[in-house]
2 protein chains.
Amino acid sequence: MAAPELEHLIKLLSKLPTLGPRSARRAVLSLLAQKEKQFVPLVDAMKQVLDTVQTCPVCGNLDTSSPCTICQDLNRQKTQICVVRDVADLWAIERSGVYRGYYHVLGGLLSALDGIGPDELQIEPLFQKATHQPDTEIIMALPATVEGQTTAHYLLDRLENLPCTVSTLSRGVPVGGELDYLDDGTLQMAFKARRKI
Amino acid sequence: MAAPELEHLIKLLSKLPTLGPRSARRAVLSLLAQKEKQFVPLVDAMKQVLDTVQTCPVCGNLDTSSPCTICQDLNRQKTQICVVRDVADLWAIERSGVYRGYYHVLGGLLSALDGIGPDELQIEPLFQKATHQPDTEIIMALPATVEGQTTAHYLLDRLENLPCTVSTLSRGVPVGGELDYLDDGTLQMAFKARRKI
């Protein structure tokens, strides 16, 4: 219906997560309605990110500097490496401000269904870090899903004979969580892992 | 948390309709994960649209040619002008394929609350078309909202003495509509506008 250039842009935009054809159309119309204020700055920002942002060769984070700002930060806890699925999870932990060590991004989770084995993930570099930096605590901050737990178990097995300790995030009732609305799995886990107060 | 370039892009993206900070973050990470396949083509498509798409001076549609493809199409019904709120509504009517006349995009609706009066909309050009092209049917395809109906009434008042006929889309039960789920206003309108079969 619209010009091929417009249809092409709408099609590309609608492939982004959380966007569909209708919201992509609305986004394009909104951009065209404010060319100077919205469209030009967005295209400039995209070009800038495309040209400057790269994957950190040490941890897998995305940043303009290489190694990334976190890996270059000497004030962080040298003996902690937090293992995360992807950069989104790394950013979530950084936003919370609870952790001041380094990271290791796996780039996904083991999944037999999706055909993702250890070779598809950044697993070997983690073993190398654990080998060459003795007494490191490796903190598994992986999702509490089947894939997340499979991956954690696999890593735990392989890390057992290396000179490091391995820990994992606690499971239980989330803050503000109503017991009545919790799933059985979480309740069961919270009971099992209960502690004296 | 992330590089300033990334934060800037996420902030700009999250201003688009239907996107928020979380979905903007996911979109940026998805783009960076597929730079060559997704990111580069998207930036190219955006630049292309930014450089070539403009508002049609005749009807207000967005297109790469000026006047737009619809206004240049001599096979359309010359005596019909469909008045729509914005380009999204124009595209919706074109997608349906039910209408083969020309358009007039108002660029919004009269709204006392938002301070939008007749001068903020493309209303004068419509009167000029109605004056200079006698026997034109002006079809109001405006939303069935308070603002839409206010705008339609205002236009009807002003078009009364011009050499044109004015019509409006019918109101009633939508196709597939369960009476039990319809609002009272629609039911009332459907009863009022009932017709012999």
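**Q** When you look at the nonpolar core in this model, what are you seeing that I'm missing?
**A** In globular proteins that are soluble, nonpolar side chains generally tend to be buried together. Within the largest apolar cluster, 82 residues are counted, with the highest numbers of intra-cluster contacts made by Leu6 of chain A together with Leu6 of chain B. Setting aside chain neighbours within four positions, we find leucine 6 of chain A in contact with Val28 and Leu32 of chain A together with Val49, Val53, Leu62 and Trp91 of chain B.

**Q** I keep staring at the sheet that holds strand S6 (residues 164-168) of chain A and nothing clicks. Help me out?
**A** Residue and element names in this part refer to chain A. Taken together, four strands build an open sheet; the order of strands is S4-S3-S5-S6 and the sheet is parallel. The open sheet has two edge strands, strand S4 (101-105) and S6, and neither has a second partner. Recorded for the sheet is a direction-independent mean angle of 25° between the axes of neighbouring strands. As judged from the five bridges shared by strand S5 (residues 136-140) and S6, these two strands associate in the parallel manner. Its bridge partner lying in S6, isoleucine 138 is registered against valine 166. The sheet strands contacting helix H6 (residues 124-132) are strand S3 (77-84), S4, S5 and S6, and the helix crosses S4 at an angle near 150°.

**Q** What is the right way to read the relation of the copies chain B and chain A from this model?
**A** The operation relating the pair of chain copies consists of a rotation about an axis and a translation along that axis. It takes a turn of 180° to lay chain B on chain A, together with a shift of 0.0 Å along the axis; the resulting RMSD is 0.0 Å. The two molecules are tied by a two-fold rotation axis, judged by turn and shift. The rotation axis passes nearest to the C-alpha of valine 43 of chain B in chain B, at a distance of 3.3 Å. The fraction of interface residues of chain B whose copies in chain A are also interface residues reaches 100%, indicating that both copies meet through the same surface.

**Q** Would you mind showing me how to read the confidence of the model for chain A here?
**A** Caution applies to low-pLDDT regions: their predicted coordinates should not be interpreted in detail. Of the residues in chain A, 99% have a pLDDT of 70 or more, and the chain-wide mean is 92. Here the predicted complex scores 0.82 on pTM and 0.84 on ipTM.

**Q** Help me understand the packing of aromatic side chains, please; the structure alone is not making it clear to me.
**A** Residues and elements named next belong to chain A. In this structure the tally under the stated criterion is two aromatic pairs over all chains. With 5.2 Å between their ring centres and 70° between their planes, tyrosine 99 and tyrosine 103 make a pair best called edge-to-face. The same class applies to tyrosine 99 as to tyrosine 103, namely buried.

**Q** Explain the sheet that holds strand S6 (residues 164-168) of chain B to me, please; I cannot follow it from the model alone.
**A** In sheet architecture, strand pairing relies on hydrogen bonds along the backbone and comes in two forms, parallel and antiparallel. All names here are of chain B. With parallel pairing, four strands are arranged side by side in an open sheet as S4-S3-S5-S6. For this open sheet the edge positions go to strand S4 (101-105) and S6, each flanked by a neighbour on one side alone. Across the sheet, the axes of successive neighbouring strands diverge by a mean angle of 25°, strand direction being ignored. Pairing of strand S3 (residues 77-84) with strand S5 (residues 136-140) involves four bridges; the strand directions are parallel. The residue bridging glutamine 80 from the neighbouring strand is glutamate 137, located in S5. Those strands touched by helix H5 (residues 87-96) are S3 and S4, and its axis lies near 160° from that of S4. Across the sheet, helix H7 (residues 146-159) is in contact with S3, S5 and S6; its angle to S5 comes to roughly 160°.

**Q** What is the right way to look at the interface of chain B and chain A in this model?
**A** Many analyses report the size of an interface as the accessible area lost when the parts associate. In this complex, chain B contributes 46 residues to the contact, which on the side of chain A involves 46 residues. Roughly 4600 Å² is buried in total at the junction of chain B and chain A, and carbon and sulfur atoms are behind 80% of that figure. Along the contact surface separating chain B from chain A lie zero salt bridges. Every element with two or more residues in the side of chain B that touches chain A is listed here: helix H1 (4-13), helix H2 (21-33), helix H3 (35-52), strand S2 (62-63) and H5 of chain B. Counting residues per element, the side of chain B that touches chain A draws most heavily on H3 of chain B, which supplies 14 residues. Along the lines of polarity and charge, the residues of the side of chain B that touches chain A split into 29 nonpolar, eight polar and nine charged.

Reading guide: rules and limits
- Residues numbered from 1 in each chain as written.
- Chains lettered and ligands numbered in written order.
- Predicted model: local features only at pLDDT ≥ 70, side-chain atom pairs only at ≥ 80, totals over all residues.
- Heavy atoms only, no water.
- Core = buried A, V, L, I, M, F, W, Y, C linked by side-chain atoms within 4.5 Å.
- Buried < 20%, exposed > 50% of the residue type's maximum accessible area, 1.4 Å probe, protein only.
- Contact = heavy atoms within 4.5 Å.
- Pairing = 2+ DSSP bridges.
- Helix = DSSP H or I, 4+ residues; strand = E, 2+ residues; numbered from the N terminus.
- Axes fitted to C-alpha atoms, helices over the stretch in contact; angles between N-to-C directions.
- Least-squares fit on C-alpha atoms with pLDDT ≥ 70 in both.
- pLDDT = per-residue confidence, 0-100.
- Phe/Tyr/Trp six-rings, centres within 6.5 Å; stacked < 30°, edge-to-face > 60°.
- Buried area = accessible area lost by both parts, 1.4 Å probe.
- Salt bridge = Lys/Arg side-chain N within 4 Å of Asp/Glu carboxyl O.
- Nonpolar A, V, L, I, M, F, W, Y, C, P; charged D, E, K, R; others polar.

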